[in-house]
Amino acid sequence: MERSRGGLGRFAFVGPTLVLLIAFNLFPLLYNVVLSFTNAELVGDGWKWIGGRNYERVFTDARFGAAVRRTAWFVFCAVGLELGIGFATALALQAFTRVRAVLVTALLIPMMLSPAVMGLFWNLILNGNHGITNQTLDALSLPQPQWLTDREWKLFSVILIDVWMWTPFLMLISMAGLAAIPKTLYEAAEVDRASRWTVFRRVTLPLVAPYLGLAVLLRFTDALKQFDLVMATQGPNDTSTQTLSTLLYQVTFRDGKVGLGSAYACVILVLVIALATVFTRYLETIQRRTA
Amino acid sequence: MSFVAIRGLEKTYPGGTRAVRGIDLDIAEGEFVVLLGPSGCGKTTTLRMLAGLELPTAGTIELAGREVTHLRPALRDIGFVFQFYGLYPHMTVAENVAFPLECAGVPREERQNRVRYMLERLGLEPLASKYPRTLSGGDQQRVALARAMVRRPALSLMDEPLGTLDAERRAEMAELIRAQQIQQRVTTVYVTHDQEEAMRLADRIVVMSGGEIQQAASPMEVYDSPANRFVAHFVGSPAMNELRGRVEGGRFLCGGADLGPAPASAATGEVLFGVRPEHVSLGEEGHLHGEVLVDEYVGSSRFVYVQTAVGRITARVGAAEPWRPGAAVALKFDGKGVRWFDAATGRRLP
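Residues numbered from 1 in each chain as written. Chains lettered and ligands numbered in written order. Predicted model: local features only at pLDDT ≥ 70, side-chain atom pairs only at ≥ 80, totals over all residues. Heavy atoms only, no water.

Another point: the overall build of chain A. Each helix and strand counted, chain A has 12 helices and 0 strands in total. Rg of the C-alpha trace for chain A: 24 Å, well past the compact-globule value of 19 Å for 291 residues, more than 25% over. With the principal axes as the frame, chain A shows a C-alpha extent of 75 × 75 × 30 Å. A total of 291 residues make up chain A; the buried ones form 41% of that total. A total of about 16,600 Å² of accessible surface is found on chain A, and carbon and sulfur atoms cover 68% of it. For chain A, the separation between the mean place of its 25 positive charges and that of its 18 negative charges on side chains is 7 Å. (Helix = DSSP H or I, 4+ residues; strand = E, 2+ residues; numbered from the N terminus. Rg over C-alpha atoms; globule rule 2.2 N^0.38 Å. Buried < 20%, exposed > 50% of the residue type's maximum accessible area, 1.4 Å probe, protein only. Areas by Shrake-Rupley, 256 points an atom, 1.4 Å probe, with all protein chains shown as cover. Lys, Arg positive; Asp, Glu negative; His and termini not counted. Charge placed at Lys NZ, Arg CZ, Asp CG, Glu CD.)

Here it is as structure tokens:
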């Protein structure tokens with residue numbers, strides 16, 4: 001009696017969440033797997049099993065390989081720059097003890113804005129003819145690239161916007177990590193006659209590393225899904241900026257090929273889980289060493 | 001010539017707190033000096049100025065004949081043991097101890113030998129590859145000690161290194177620190193608020209209060225001939241008994257009782273009479289009468305607290321003779337143990 005009531009009581013707490021998770025996460029996931037083996041389309045409701053043919057198409061599609069490479073390059077550049085600039089800014093801010101609060105607030109603004117809105121703003125800023133960037137470059141008699149329409153510059157521009165948006169996040173986490181290092185350790189290192197470079201390399205860096213790792217992991221999984229900035233500046237079907245997410249969108253909702261899109265989604269999911277697992281493991285080993 | 005010479009050292013923090021108010025101190029090479037005082041007396045600030053972790057507002061510090069007042073810690077050739085260890089959490093015990101050598105550019109092989117030797121001496125060998133967080137407080141402090149000594153600095157500075165340890169560990173570590181210091185003859189300045197620890201370790205105790213030195217002398221001298229009331233009260237547990245009275249006609253009168261001859265140096269007027277518990281005996285007859293409040297048995301002896309008409313007096317008596325609370329008792333003072341203090345300045349009268 002006691003036990004069954006306990007079980008019921010527990011279910012009352014966990015139940016609603018469980019139901020929601022099943023309805024909105026687990027079911028769609030499984031349904032997506034089912035769809036990936038069919039020729040379902042967005043319009044019309046007749047579909048039949050076609051076995052693994054969708055997957056065959058995914059792996060032979062040139063767009064898919066290109067999107068994988070492009071997304072990887074995007075993640076590498078964007079997160080790399082965000083880490084470098086964010087951490088450097090955090091280090092530099094340590095020198096400004098007085099005005100730090102004001103500076104930090106100002107620097108955090110980009111992070112708090114909606115990515116879609118940001119994309120639209122940057123459309124104006126980077127506009128080839130009347131954007132403020134090129135007007136400024138014009139005034140300085142410098143070359144004015146067509147940021148959003150030149151194939152050579154498009155992806156770079158998207159990376160630039162992402163860096164602009166997310167560098168503050170890396171900066172914030174870096175600052176938290178730096179603040180968590182006890183002052184005594186710096187005093188100890190000074191007494192131990194460590195040079196500034198040695199202090200940075202042997203004390204600061206290893207102790208912030210777990211924080212940086214966590215921030216990079218979060219940014220990494222997020223950047224892999226890059227969608228809004230590309231959509232806002234280029235649309236889903238632009239050949240030089242198409243990422244995995246926009247390709248998926250193009251196939252499923254523009255082309256209306258739901259079955260094929262589901263196969264794409266499954267492949268991407270496996271890819272992301274695999275990468276995230278490797279990364280998390282690595283992060284755990286760093287943390288075990290320091291925490 | 002002194003090895004460390006401190007002249008007119010002062011520290012005023014931004015905000016106006018005057019932590020150290022003009023200190024002069026000479027320390028001989030190989031000496032173990034303990035800075036003793038209550039919290040806020042300026043002892044830690046003085047130590048940190050010696051290390052260069054804090055810069056003085058005025059005054060100079062000379063170390064081995066070199067003026068170092070404004071030098072960075074790295075340029076002073078010192079070792080420092082922090083109260084909360086200050087070990088690098090991401091380095092193993094061996095790596096922590098090796099770090100000062102690594103910074104000094106000592107070649108790997110020599111480094112390993114010296115680290116091994118140091119770990120062996122402090123009984124840390126089995127912990128060499130452990131990380132600090134997995135060690136007990138006592139072991140962490142031993143690692144900190146090893147790290148501070150491995151480079152054989154000219155001056156070793158310790159900021160309440162035993163403050164966070166339990167009683168048993170404290171005694172053990174104090175003994176270890178003293179043994180190491182005697183063997184290496186490294187000039188050491190050690191900060192503590194624990195007077196017993198200070199007595200046990202020091203060649204010389206520097207008692208501080210209110211940012212000033214009250215007395216700098218051997219433990220015995222500090223205990224037997226305190227320079228003033230503050231030192232008399234701070235050193236010794238239980239504290240020295242104190243009676244306020246008048247000198248009249250060469251006699252010390254207190255609450256109507258005549259407690260014997262006053263010192264020649266005491267002019268007629270108010271003086272303070274100080275006597276440590278071990279110079280007070282209890283019996284049927286004596287200088288003062290009172291009632292036993294508490295009889296505290298501590299194994300090797302007893303501390304008996306007696307309420308008299310002129311105040312409470314503590315006596316240290318033999319462990320074998322218990323005293324019943326409420327019993328009437330007479331107190332006798334051993335003339336040799338009596339110290340006199342000026343009632344106005346608190347300074348001891350010769």
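Picking up where we left off.
With that out of the way, let us pick up the overall build of chain B. Within chain B, the secondary structure is distributed over 8 helices and 21 strands. Counted over contacts in chain B with a minimum sequence separation of 6, partners at least 24 positions apart contribute 64%. As presented, chain B carries roughly 15,200 Å² of accessible surface, and 49% of it is formed by carbon and sulfur atoms. Averaging the locations of the 40 positively and 42 negatively charged side chains of chain B gives two centres separated by 4 Å. (Contact = heavy atoms within 4.5 Å.)

Here we come to the packing of helix α4 (residues 137–149) of chain B against helix α5 (residues 167–184) of chain B. Residue and element names in this part refer to chain B. Their axes nearest at 11 Å, the elements α4 and α5 cross at an angle of 15°. As summarised for this structure, α4 and α5 are arranged roughly parallel, according to the angle between their axes. For the element pair α4 and α5, the recorded crossing hand is right-handed. The residues of α5 that touch α4, namely those facing G138, D139, Q141, R142, L145 and M149, are R169, M173, L176, I177, Q180 and Q184. Within the contact of α4 with α5, the residues separate by chemical class into 5 nonpolar, 4 polar and 3 charged. (Axes fitted to C-alpha atoms, helices over the stretch in contact; angles between N-to-C directions. Parallel < 35°, antiparallel > 145°, perpendicular 65-115°, else oblique. Left-handed = near helix turned anticlockwise from the far one by under 90°. Nonpolar A, V, L, I, M, F, W, Y, C, P; charged D, E, K, R; others polar.)

What follows concerns the interface of chain B and chain A. Opposite the 24 residues of chain B that make contact, chain A presents 20 residues. Both faces combined, the contact of chain B with chain A buries some 2,100 Å², and carbon together with sulfur accounts for 57% of it. For chain B, the biggest contributors to the area lost against chain A are B:A74, B:Y88 and B:H90; these three give 25% of the whole. Here chain B and chain A share 5 salt bridges between them. In this structure, A:R193 engages B:D77 in a salt bridge whose closest nitrogen and oxygen atoms are separated by 4.0 Å. For the pair chain B and chain A, the interface holds 8 residue pairs in polar contact (both at pLDDT 80 or more). Class assignment of the residues belonging to the side of chain B that touches chain A gives a composition of 14 nonpolar, 3 polar and 7 charged. (Buried area = accessible area lost by both parts, 1.4 Å probe. Salt bridge = Lys/Arg side-chain N within 4 Å of Asp/Glu carboxyl O. Polar contact = N/O pair within 3.5 Å; in protein donor to acceptor, adjacent residues only side chain to side chain.)

Time to look at the nonpolar core. In this structure, A:V203, B:V4, B:F80, B:Y88, B:L157 and B:V189 are the most contacted members of the largest nonpolar core, which totals 51 residues. Look past the residues within four positions of A:V203 in its chain and what remains in contact with it is A:L185, A:A189, A:T198, B:Y88, B:H90 and B:F99. Grouped together as the second largest cluster of nonpolar side chains are 43 residues, B:A98, B:L176, B:I177 and B:V222 included. (Core = buried A, V, L, I, M, F, W, Y, C linked by side-chain atoms within 4.5 Å.)

A few words on the sheet that holds strand β6 (residues 78–81) of chain B. Residues and elements named next belong to chain B. Taken in spatial order, the 6 strands line up as β6-β7-β8-β3-β9-β10 in an open sheet, and their pairing is mixed. Among the strands making up the open sheet, the edge pair consists of β6 and β10 (212–217). Averaged over all pairs of adjacent strands, the angle between strand axes in this sheet comes to 15°, irrespective of strand direction. With 5 bridges joining them, strand β7 (residues 155–159) and strand β8 (residues 187–192) adopt parallel strand pairing. Looking at the pairing, L155 lines up with T187 of β8. Lying on the sheet, α4 is in contact with β6 and β7; it crosses β6 at an angle near 175°. (Pairing = 2+ DSSP bridges.)

Here we take up the domain arrangement of chain B. All names here are of chain B. Structurally, chain B comprises domain 1 (4–234) and domain 2 (241–349). Here the C-alpha centre of domain 2 lies 38 Å away from the C-alpha centre of domain 1. Each partner contributes residues to the interface: domain 1 has 10 residues there, and domain 2 has 10 residues. Taking both sides of the interface into account, the surface hidden between domain 1 and domain 2 amounts to around 870 Å²; carbon and sulfur atoms contribute 42%. Our enumeration of links across domain 1 and domain 2 arrives at 1 salt bridge. Measuring nitrogen to oxygen at the nearest pair gives 2.8 Å for the salt bridge that ties R229 to E242. Those elements that provide at least two residues to the side of domain 1 that touches domain 2 are α7 (219–224) and α8 (229–234). Class assignment for the residues of the side of domain 1 that touches domain 2 results in 5 nonpolar, 3 polar and 2 charged. (Domains from an automatic or database assignment.)

All names here are of chain B. As paired strands, strand β1 (residues 4–12) and strand β2 (residues 18–27) are joined by 7 bridges and run antiparallel to one another. Within β2, the position partnered with L9 by the bridge is I23. The antiparallel hairpin formed by β1 and β2 contains 5 residues in its connecting segment, where G15 sits at a positive phi of about 115°. As defined by bridge partners, β1 adjoins strand β4 (residues 58–63) across 5 bridges and the pair is classed as antiparallel.

On to the confidence of the model for chain B. With 100% of its residues at a pLDDT of at least 70, chain B reaches an overall mean of 92. Across the whole predicted complex the pTM is 0.82, and at the interface the ipTM reaches 0.84. (pLDDT = per-residue confidence, 0-100.)

With that settled, consider the packing of aromatic side chains. This model, assessed by the stated rule, comprises 24 aromatic pairs over all chains. Centroid distance A:W73 to A:F76: 6.1 Å. Interplanar angle 25°. Geometry classified as stacked. Here A:W73 pairs with A:F76, and both are found in helix α3 (residues 62–93), just 3 residues apart, close to one helical turn. Residue classification places A:W73 among the partly exposed residues on the basis of a relative accessible area of 47%. Aromatic side chains B:F273 and B:W340 sit 5.3 Å apart centroid to centroid with 75° between the ring planes, which places their arrangement in the edge-to-face category. Placement of B:F273 in strand β14 (residues 269–275) and of B:W340 in strand β20 (residues 338–342) is noted, with a sequence separation of 67 residues between them. The exposure class assigned to B:F273 is buried, which follows from its relative accessible area of 2%. Overall, B:W340 belongs to the buried group, its relative accessible area being 10%. These aromatic residues form a ring-pair network of at least three members: B:F252, B:F273, B:F333 and B:W340. In this structure, B:R147 packs its charged tip against the face of B:Y88, placed 4.8 Å from the ring centre. Between B:R276 and the ring centre of B:Y223, over which it is positioned, the NZ or CZ distance is 3.9 Å. (Phe/Tyr/Trp six-rings, centres within 6.5 Å; stacked < 30°, edge-to-face > 60°. Lys NZ or Arg CZ within 6 Å of the ring centre and 35° of its normal.)

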